[in-house]
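Per-entry structural report
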Amino acid sequence: MNFRLLRSSLLLQVSCRHLKIYSPSNKTQIEYLLQSWSSKIPVERALTLPSSFYTSRDIFELERYAIFGQNWLLAGRKSQLKKPGDFLTDRFLSEPYIINIDKTSTLYAHYNVCCHHGMILLNNNQGHIETNEITCPYHGWLYDFNGRLKRAFRLKTIEQFKASTIRLKPISIQTIGPFIYLNFNFLNNDNIKNDLSHIEYIDKKYLKSTNYEQLEYVSRKSYHIKCNWKIFIDNFLDGGYHVPYAHKQLCSILNMNEYKTVVDHPKISVQYCSGTKRTEGDVLFIYIYPNLMINRYGPYMDTNLVVPIDERNCIVHMDYYYCPQSTNKTHENDSQNDSYVVQQEDIYLCENVQLGLESQAYDSGRYAPTVEHAMHDFHKTLFDQLENYYNNHVK
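Worth saying up front: this structure is predicted, and the values here are computed from it rather than measured. (Residues numbered from 1 in each chain as written. Predicted model: local features only at pLDDT ≥ 70, side-chain atom pairs only at ≥ 80, totals over all residues. Heavy atoms only, no water.)

**Looking at the pattern of salt bridges**
Should their charged atoms come close, side chains of opposite charge can pair. Counted by the stated rule, this structure contains 15 salt bridges. Put simply, Glu 311 and Arg 312 hold a salt bridge, and the shortest N to O gap is 3.3 Å. A salt bridge links Arg 312 to Glu 358; its shortest N-O distance comes to 2.6 Å. On the criterion of sequence distance, the pair formed by Arg 312 in the loop between strand 17 (300–310) and strand 18 (313–322) and Glu 358 in the loop between helix 8 (329–357) and helix 9 (373–393) is long-range, its members being 46 residues apart. On the basis of relative accessible area, Glu 358 is assigned to the partly exposed category, the value being 34%. In the salt-bridge network here, residues are joined through shared partners; they are Arg 57, Glu 61, Arg 64, Glu 311, Arg 312 and Glu 358. (Salt bridge = Lys/Arg side-chain N within 4 Å of Asp/Glu carboxyl O. Helix = DSSP H or I, 4+ residues; strand = E, 2+ residues; numbered from the N terminus. Buried < 20%, exposed > 50% of the residue type's maximum accessible area, 1.4 Å probe, protein only.)

As structure tokens, this is what we get:
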């Protein structure tokens with residue numbers, strides 16, 4: 001289905017427009033941490049990010065605004081929304097959202113928060129509303145699927161209130177390939193909102209030729225991991241360095257002597273090699289900043305979406321896909337079982353790295369330049385966004 005996307009022409013909302021501003025509990029500590037590393041040092045001479053970047057509450061709160069409030073995030077699949085009236089809901093950190101299609105087949109995203117007293121509007125993860133209207137379960141305020149307040153009750157004596165100016169707060173939305181992306185765009189910056197070139201590049205150069213849009217969604221498995229979200233990303237971006245030592249089974253089906261990593265853009269990197277057995281053919285491990293990984297291998301694909309909880313915990317959602325024309329559900333189950341083994345091995349690594357970073361014995365390490373340059377690039381992009389946001393909006 002082709003969606004017509006709502007862009008930046010939405011009017012500012014009267015009731016739901018105000019944004020919370022990041023205010024660090026300890027500016028001196030934040031400034032010290034931002035002075036403790038530099039993105040300008042080449043990988044051959046650079047130290048890794050200091051351990052405080054993985055343990056500091058202030059850094060985590062800064063990331064909430066500087067990273068996750070300014071970048072495009074995977075939020076769903078187009079196949080979840082097939083006809084007018086369909087909707088899905090979820091939340092990222094403290095931000096609940098609704099994605100829906102209205103009667104004009106326009107795809108919308110809004111905060112899942114009533115403008116009256118902040119009530120969550122819809123609690124079902126996915127569903128259909130035939131009327132294309134959302135009724136607040138608290139006081140009955142009624143919204144169109146385009147976010148406009150349609151009706152509110154018992155407001156006869158209210159002053160300085162005009163219902164036609166009130167809308168649910170919108171969220172920037174785009175679709176690329178089979179996926180739906182959101183950008184909370186806390187700063188209302190059009191450059192940020194329109195910066196999808198890196199995702200479009202991955203779609204066109206690496207994924208479209210694999211017919212990934214035709215793959216069938218199978219299931220989701222979620223893992224609560226006791227580590228900072230960046231540790232999981234770091235583990236993914238070490239250029240296969242840990243695979244021969246920590247993933248014996250995975251290593252046996254990959255041609256590691258062919259393993260290469262390319263960084264085509266500050267917000268993307270691709271690791272690739274060829275595979276054997278069920279992964280025969282090209283194997284792609286794609287990273288899209290800040291928190292999405294797409295693994296494409298043989299007739300299978302999985303996405304890894306890392307959702308931070310706090311500075312020491314995250315959830316990783318693994319969504320599995322397969323090509324029904326090339327394989328069957330039995331082989332897909334085998335592939336998921338293989339993936340489960342890898343995830344358990346990675347969880348062990350990530351949680352133990354978190355424990356090590358908490359120790360007085362460690363602050364910074366070194367990058368292995370020939371394999372860990374994508375990790376270094378991730379750290380540079382993250383650090384620059386943290387530093388720029390702090391200097392321009394907090395300091």
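**Side note on the sheet that holds strand 7 (residues 133–135)**
A sheet is described by the order of its strands in space; here three strands give the open sequence 7-8-9, paired in antiparallel fashion. Strands at the two margins of the open sheet, each flanked by one partner only, are strand 7 and strand 9 (149–151). Neighbour to neighbour, the strand axes of the sheet diverge by 35° on average, direction disregarded. Relative to strand 9, strand 8 (residues 142–144) is paired through two bridges, and the arrangement is antiparallel. (Pairing = 2+ DSSP bridges. Axes fitted to C-alpha atoms, helices over the stretch in contact; angles between N-to-C directions.)

**Observations concerning the packing of helix 5 (residues 229–236) against helix 9**
For the pair helix 5 and helix 9, interaxial distance at closest approach is 9 Å and the crossing angle is 145°. Between helix 5 and helix 9, the residues in contact are Trp 229, Lys 230, Ile 233 and Asp 234 and Met 375, Phe 378, His 379 and Leu 382, respectively. The residue inventory of the contact of helix 5 with helix 9, partitioned by class, reads five nonpolar, one polar and two charged. (Contact = heavy atoms within 4.5 Å. Nonpolar A, V, L, I, M, F, W, Y, C, P; charged D, E, K, R; others polar.)

**Considering the confidence of the model for the protein chain**
Reading fine detail from the predicted coordinates is not recommended where pLDDT is low. Mean pLDDT for the protein chain: 91, with 93% of residues reaching 70 or above. Across residues 6–15, confidence stays below pLDDT 50; counting only partners more than four residues off in sequence or on other chains, it has 19 contacts. (pLDDT = per-residue confidence, 0-100.)

**A closer look at the sheet that holds strand 2 (residues 73–77)**
The strand order across the open sheet built from three strands is 2-11-10, with neighbouring strands paired in antiparallel fashion. Where the open sheet ends on each side, the last strands, each with one partner, are strand 2 and strand 10 (172–176). Averaged over neighbouring strand pairs, the angle between their axes works out to 35° when direction is ignored. Here strand 10 pairs with strand 11 (residues 179–183) via five bridges, running antiparallel. Across the sheet, residue Thr 175 finds its bridge partner in strand 11, namely Ile 180.

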